[in-house]
Amino acid sequence: MTALDTPPLPDDDRQNPAADTTDTADNPAPAEKSRRPLVLAAAAGFAIGILITGLLWGLSSQRGGANVDAAAACDAFNRAGHLPDTTGGYDPTAFTRLADDAAHRIAAAYELAQAAAAFDGQYQPLAQSLAGVNGMVLSGRFDSQSGQDDIIRVQQLCARG
């Protein structure tokens, strides 16, 4: 086909009787294919893909974050070192000062346990026990029997993993 033989464009002003596509009984206009199903299928596929990706991403990290936080809380608690026990008749004023790094580690352990418990309820006992230990450390009163019980409970919970 040469440039002289090219058919006119649909918006061409020239009259071409052979290219006349008016609707008649003998020559109905060809129906245009709708792109709507293709667009809807693409949009639905995109939405389903995003939904599945988000679901898998959310489920893959749900318990992993809590496990890691609880393990870090136990590590911080263990790194704090020995906490004194003055409930057996010792002079409670002899142990009123704890090293700053130990106090900070107990506070960090408490915060990490809170984060783990907020994410997964099975770590709630660890968070509650560390709250008691943290309160005892902040007050400097190591003669509290409930605080000493919390220390034992945290040690037991951390040993279980």
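Here, every reference points to the structure presented above.
Residues numbered from 1 in each chain as written. Predicted model: local features only at pLDDT ≥ 70, side-chain atom pairs only at ≥ 80, totals over all residues. Heavy atoms only, no water.

Chemist: Describe helix α1 (residues 36-60), listing the residues and the values that go with them.
Modeler: With 25 residues, α1 should cover 36 Å at 1.5 Å per step; its first-to-last C-alpha distance of 36 Å lies within 8% of that length. With respect to burial, α1 is a largely exposed element, only zero of its 25 residues being buried. (Helix = DSSP H or I, 4+ residues; strand = E, 2+ residues; numbered from the N terminus. Expected span 1.5 Å × (residues − 1). Buried < 20%, exposed > 50% of the residue type's maximum accessible area, 1.4 Å probe, protein only.)

Chemist: For the state of the cysteines, give the residues involved together with the corresponding values.
Modeler: Evaluated as defined, the whole model comprises one disulfide. Each sulfur of the disulfide joining Cys74 and Cys158 lies 2.1 Å from the other. Between Cys74 and Cys158, the S-S torsion sits near -85°, and that sign places the bridge as left-handed. One end of the pair, Cys74, is in helix α2 (residues 62-79); the other, Cys158, is in helix α5 (residues 145-160), with 84 residues separating them in the sequence. Given the relative accessible area of 12%, Cys74 is considered buried. (Disulfide = S-S within 2.5 Å.)

Chemist: Talk me through the packing of helix α3 (residues 100-119) against helix α4 (residues 124-139); I want residue IDs and the actual numbers.
Modeler: As a packed pair, α3 and α4 sit with axes 8 Å apart at the nearest point and diverge in direction by 155°. Taken together, the axes of α3 and α4 are roughly antiparallel relative to one another. The handedness of the crossing between α3 and α4 is left-handed. Every residue of α4 that contacts α3 at Ala103, Ile106, Ala107, Ala109, Tyr110, Ala113, Gln114 and Ala117 is listed here: Gln124, Leu126, Ala127, Leu130, Ala131, Val133, Asn134 and Val137. (Axes fitted to C-alpha atoms, helices over the stretch in contact; angles between N-to-C directions. Parallel < 35°, antiparallel > 145°, perpendicular 65-115°, else oblique. Left-handed = near helix turned anticlockwise from the far one by under 90°. Contact = heavy atoms within 4.5 Å.)

Geometric descriptors of this kind do not, in isolation, establish any biological role.
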